[in-house]
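# Architecture at a glance
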4 protein chains.
Amino acid sequence: MIKVTVWNENVQEHGLQFANLDASQPRSEFIRKFLLKSEREIKVVHPNGIHNTLKALFEEEDDIQVRTATLDMPECGLTQEVIDDTDVLVWWAHIAHDRVPDEIVERVHRAILKGMGFIALHSAHQCKPLQRTLGTSGALKWREDDRARVWCCAPTHPIAQGIPESFDLDEEEMYCEFFDIPKPDDLIFISWYKGGEVFRSGCTWTRGMGKIFYFQPGHETQRSYYNPNVRRILKNAVRWAAPVKRISEISCPHAEVSAEAKYAQAKQS
Amino acid sequence: MIKVTVWNENVQEHGLQFANLDASQPRSEFIRKFLLKSEREIKVVHPNGIHNTLKALFEEEDDIQVRTATLDMPECGLTQEVIDDTDVLVWWAHIAHDRVPDEIVERVHRAILKGMGFIALHSAHQCKPLQRTLGTSGALKWREDDRARVWCCAPTHPIAQGIPESFDLDEEEMYCEFFDIPKPDDLIFISWYKGGEVFRSGCTWTRGMGKIFYFQPGHETQRSYYNPNVRRILKNAVRWAAPVKRISEISCPHAEVSAEAKYAQAKQS
Amino acid sequence: MIKVTVWNENVQEHGLQFANLDASQPRSEFIRKFLLKSEREIKVVHPNGIHNTLKALFEEEDDIQVRTATLDMPECGLTQEVIDDTDVLVWWAHIAHDRVPDEIVERVHRAILKGMGFIALHSAHQCKPLQRTLGTSGALKWREDDRARVWCCAPTHPIAQGIPESFDLDEEEMYCEFFDIPKPDDLIFISWYKGGEVFRSGCTWTRGMGKIFYFQPGHETQRSYYNPNVRRILKNAVRWAAPVKRISEISCPHAEVSAEAKYAQAKQS
Amino acid sequence: MIKVTVWNENVQEHGLQFANLDASQPRSEFIRKFLLKSEREIKVVHPNGIHNTLKALFEEEDDIQVRTATLDMPECGLTQEVIDDTDVLVWWAHIAHDRVPDEIVERVHRAILKGMGFIALHSAHQCKPLQRTLGTSGALKWREDDRARVWCCAPTHPIAQGIPESFDLDEEEMYCEFFDIPKPDDLIFISWYKGGEVFRSGCTWTRGMGKIFYFQPGHETQRSYYNPNVRRILKNAVRWAAPVKRISEISCPHAEVSAEAKYAQAKQS
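Here is what the cut-offs are and how they apply
- Residues numbered from 1 in each chain as written.
- Chains lettered and ligands numbered in written order.
- Predicted model: local features only at pLDDT ≥ 70, side-chain atom pairs only at ≥ 80, totals over all residues.
- Heavy atoms only, no water.
- Helix = DSSP H or I, 4+ residues; strand = E, 2+ residues; numbered from the N terminus.
- Buried < 20%, exposed > 50% of the residue type's maximum accessible area, 1.4 Å probe, protein only.
- Contact = heavy atoms within 4.5 Å.
- Areas by Shrake-Rupley, 256 points an atom, 1.4 Å probe, with all protein chains shown as cover.
- Lys, Arg positive; Asp, Glu negative; His and termini not counted.
- Charge placed at Lys NZ, Arg CZ, Asp CG, Glu CD.
- Pairing = 2+ DSSP bridges.
- Arc of directions from axis to C-beta.
- Axes fitted to C-alpha atoms, helices over the stretch in contact; angles between N-to-C directions.

## Quick look at the overall build of chain A
- Counting its secondary structure elements, chain A contains seven helices and nine strands.
- The burial tally for chain A puts 65% of its 269 residues in the buried class.
- Within chain A, contacts between residues at least 6 apart in sequence are counted, and of these 71% link residues at least 24 apart.
- Only carbon and sulfur atoms are counted for the fraction: they give 49% of the accessible area of chain A, which is about 9300 Å².
- On chain A, the mean spot of the 33 positive side-chain charges and the mean spot of the 39 negative ones are 2 Å from each other.

As structure tokens, then:
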């Protein structure tokens, strides 16, 4: 049984309610309207929030067990107990990256190095745990409302199993190179957008004992998470990212050890 | 002309002077003795500190211009002005990683993403800028006083030019796998140690516009930086890591942009 | 001075003359018409053959010295003397891959392993030297007459120097994934095509001491080799692929040694 | 059920019988003695030949079904029917690489591109199917009778599951860098040898739809295939290399298509 925790910032789902808008900031009126519009549109696509759409998707599988967690919960819903009980953490976020406390980011990062899988979806390309783990900004270029085609360029990868050589998403946000990421261990998908762009849209990395997958589809107001190929890819990814080896088998601790502590410790023995 | 800044924590060179020893800490007496011993031994090998040994090495080259910076200087000697005037930052550190303020670490990290080369030497495997940039702990196993042989497994790499297929270091500290690093873009050197260990001792990565090289040799009390092959590798590495493209040519900013700021900014145009 | 040999099969340039058409083969009439048409169109774009267009391009550079060789010359123009005097071999081919004798393919392959650079252009994706060196079929999907945009996803690579983040080719043949190649050491360019396709259009590999670059643009009847960005990329590629280390510095011979010979030889010493 | 075919040249097992010694060749007397000695020693370790030692190893697993094939069988035991019925081909060879007909090599190579797994063991580093598939010579340096320690540097890889961070082989042949292979997709093991050498001893690649693993241990007269870690690695490797996707799902054929045939075919539709 693979234990998945789906984390969603769950902000746009609630319009102005969690937005913490500062009326004195230059574009507050614009953002106010954006939030009201996106709340209305998200409700249609994800009536119970993006996290519950994703939860339902994973719950179709007998070998996956799912819980959800959101920004508004104590400790963002990611207490040490929850993290310790998570095999794969799926992360959706967009406009509130900055509100995730650094303490939680460090907790997630440490868990990844110890073997927890981490799947960053769509606008999570700049979420703090991914930036912390990959060390790059995750910056890219983007534009709303485009047509996308996802091409597979690593057909033997476990995440690509059962996926055709390409599939279309009639409505998706456009993301474009240069995508500021480390060279992927495996580049599985490249997306084409009608407007003239390409994007490395499915990428894997390993850090410490943890496996990481970034996947582009999933704009908040569009139906990508109902596409059967996207659903299959996400399920494949969870199985691929699930930890395969316990950290205890490695004698070399992956916790951050200060050099002084290391010195003292090693000399003692 | 390549502008190199050699940074050295410059702590062990001064024995107890900069050690900030807390006499109440369990192993303070042990550490006191270690520092006194290493001060004495370093003085023989690096009479003006490791940074000046490295400075002299790079100054042998007409196309390299060198300055040094140390932990005890204001802002660790790494003011924004110094960083802006640096093509490649060479980093030696060991027992004082934690004393580098996070603000300096972020400054170095941002500069790397914008194209500054970064070369981490020996015990800098766990320095904060490298951990911040690679996202892994840099943990490894180690033991003092071993014999090492450095093998080249990427003979066409620019950093390996002029280097024989292997060379010996009669005295070097042993570092051993598992080395907690991201898969290197290029694995150039693998070291053998007499005691039965191997180590990926010369590794490259690219992050944003910046190139990174880690190189194992350089224990503080041993003479590796006087080895002609090590010297040649360090000079090759500086030339390889020097920035080749200005960030301004890329329209996609690599600075950390919060999603909200990104949103506001993009919508405006 | 980098010594470049530009090899071109030089068949379509001559219409029916070198086509060796077998009138009894099913589609001979179709191919006859195709050859007459392509001869007419190539003459406009490459009045002296594709090899001379490429030769003129490289001759703009003071550090590059160029000769050409074609299929109709004795030993395809690639005698052992020519190969021994070549730093980088640039290869354009399309409809006559099969006419290159295996002996010449082996000669080219051995030279690559010993350090000769090899640049395969456009329809050379299935030329025998590339198949022999990479071990894959080089198969892909294609369609004539599309609009292409070439995106850079490795802006720090030497081959990308001076190239904008993307550039357009208003007329180019479409090549599409899955492209049957080994995972590139560096994926430098990804091409977008108007019809809905993507392609890993600029890829590098190292084999033995030799560096290899594949680059997609260059359909025989279109003007890609006059595009300033394509020209810059090809010149960068020649400089990148030029040998940096002499094979003699490696004690391990890269010639194919039968195990028996190896055994006998090693035991002798 | 994974269908494994273990191929063994099965020559040294029979001393002079299959050796085809040419008495006029310079070192024939030396080789004669070597063959008599190795026959005697192999009989002790592998009483039914190396292929049957490996067969017994895989037969311990319920999900693996094994057949063997040897050089002396018609078509080397690798008829098209056998190949079509093989998920993973395990290859042991040493002194008779040259006796495998090119036709069989091409058959194996085509099967790999279509998805058959291929595991090359020990002195198969220079077998023709591996050279054909990787495009490099596979050359290395070697010496008999050394002590080896195998270190894992990719602990999360499926092939490393259940393997400790290092394990010893008290008697193994020494293989040393530079190992002339393409950069591995994953470098899983690095071996240390008492005499001062290192070797990339466990490497993976993907070619077309096929997965390839090279693993160093397995000298003919030593007991490495009875080591529990080696056994576990080989079983892991077979499961990892088993085909995960049928070629029919890819519309792009991986068979070698001549450009003319490709042209004719594509134009027809």
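## Regarding the pairing of strand β7 (residues 186-193) of chain D
All names here are of chain D.
- In terms of residue burial, β7 counts as a mostly covered element, since eight of its eight residues are buried.
- Pairing analysis gives five bridges linking strand β5 (residues 141-152) to β7, with the strands arranged antiparallel. Residue pairing in the sheet places Cys152 in a bridge with Phe189 of β7.
- Note: β7 against strand β8 (residues 197-207), seven bridges, orientation antiparallel. In the sheet register, Tyr193 faces β8, and the bridge partner there is Glu197.
- Linkage of β7 to β8, two consecutive antiparallel strands, is achieved through a turn of three residues, within which Gly196 is found at a positive phi near 115°.

## Observations concerning helix α2 (residues 50-59) of chain D
All names here are of chain D.
- Taken together, the buried positions of α2 are Ile50, His51, Thr53, Leu54, Leu57 and Phe58. With its buried residues spanning 160° around the axis, α2 presents them on a single face.
- Considering only its buried residues, α2 is in contact with β1 (2-8), α1 (28-45), β2 (64-70), β3 (88-92), β4 (117-121) and α6 (228-241).

## Considering the sheet that holds strand β5 (residues 141-152) of chain C
Residues and elements named next belong to chain C.
- Ordered in space as β2-β1-β3-β4-β9-β8-β7-β5-β6, the nine strands form an open sheet in which the pairing is mixed. Taken across any chain shown, the strands that pair with only one partner, and hence form the sheet edges, are β2 (64-70) and β6 (166-176). Across this sheet, the average inter-strand angle for adjacent strands is 25°, counted without regard to direction.
- Relative to β2, strand β1 (residues 2-8) runs parallel, the two sharing seven bridges. Within the sheet, the bridge partner assigned to Trp7 lies in β2 and is Ala69.
- Contacting β1, β2, β3 (88-92), β4 (117-121), β6, β7 (186-193), β8 (197-207) and β9 (210-215), helix α6 (residues 228-241) crosses the sheet at an angle of about 165° to β9.

Treat this as a map of the structure, not an account of what it does.
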